[in-house]
Amino acid sequence: MTTEQIIGLVLALAIMCVGLAGCILPGLPGTPIILAAAIGHKLYFQQTGVGWLIMTLLVTVTLFSIAVDYLASMLGAKKLGATWRGAVGAGVGALIGLFFGPVGLLLGPFLGAVAFEMVGGRNLNESSRAGLGAVLGLLAGAVGKLACGIGMTALFVVNVVYRSGVGLG
């Protein structure tokens, strides 16, 4: 690997780390950031960048992770009785919760879902169940996105290192 390739790989990995954080933090598109770093690396390095087969896999996993995130949030909320208001409230609460650290990331979606459900006319018990479902759905979606993001990053690194001539074979 040349110095230029090492620097390119390190820069792509730094951007991918932001993407991995985005898999957990609401508001940052985690896997699309990882995909964008891979595309940028491919455009710059061409032949020694990630291969087309792996690039296709990265696009597929990105689309899958977006679907998993959406479905997990919706199913978690619906399973415990949330309406569309609860899902919206969970999203709003998650964005506000960003400003209050890890506790805010957990309490924000819950409180947002509960508040929006109560504004919609539901009682505290129903609203609390919906809030719990929204939080569980958001957590399941984050775990799914993080798993996809880690897999994408690992696939990228292995393929780039192999294609740069360092790999075995």
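We now turn to the structure provided with this report. Chains are numbered independently. Their residues run from 1 in the order of the written sequence. In view of the model being predicted, local features appear only for residues whose pLDDT reaches at least 70, and side-chain atom pairs are presented and counted only at 80 or more, with totals across whole chains, interfaces and linings using the full set of residues. No hydrogens and no water enter the side-chain calculation; it runs on all heavy atoms of the structure.

Turning to the pattern of salt bridges, a few remarks are in order. Here, a salt bridge means any Lys or Arg side-chain nitrogen found within 4 Å of an Asp or Glu carboxyl oxygen. In total, this model carries two salt bridges according to the counting rule given. One salt bridge connects E117 with R122, and the closest N-O pair in it is separated by 3.1 Å. For E126, the salt bridge identified is with R122, shortest N-O distance 3.9 Å. Since its relative accessible area comes to 35%, E126 is described here as partly exposed. Three exposure classes are used, based on accessible area relative to the maximum for each residue type with a 1.4 Å probe and protein chains only: buried under 20%, partly exposed in between, and exposed over 50%.

On the surface, W84, V88, V92, L95, I96, L98, F99, F100 and F116 cluster together into a nonpolar patch covering about 940 Å² of accessible area. Numbering goes from the N terminus for both helices and strands, where a helix is a DSSP run of H or I of at least four residues and a strand is a run of E of at least two. Per-element tally for the nonpolar patch: the top contributor is helix α4 (residues 84-97), with five residues. By the secondary structure assignment, V92 is in helix α4. Patches in this entry comprise residues that are over 30% relatively accessible and not in a salt bridge; like charges within 9 Å are linked, as are nonpolar side chains (Val, Leu, Ile, Met, Phe, Trp, Tyr) within 5 Å. Surface accessibility follows the Shrake-Rupley procedure with a 1.4 Å probe radius. Residue values consider only the protein chains on display as shielding.

Let us now look at the packing of aromatic side chains. Any two rings among Phe, Tyr and Trp, with Trp reduced to its six-membered ring, count as a pair given centres within 6.5 Å; such a pair is stacked if its planes are under 30 degrees apart, edge-to-face if over 60, and tilted if neither. The full count for this structure, using the stated rule, is one aromatic pair. On the numbers, 4.7 Å between centres and 75° between planes, the contact of Y44 with F45 is edge-to-face. The class for F45 is buried, based on a relative accessible area of 14%.

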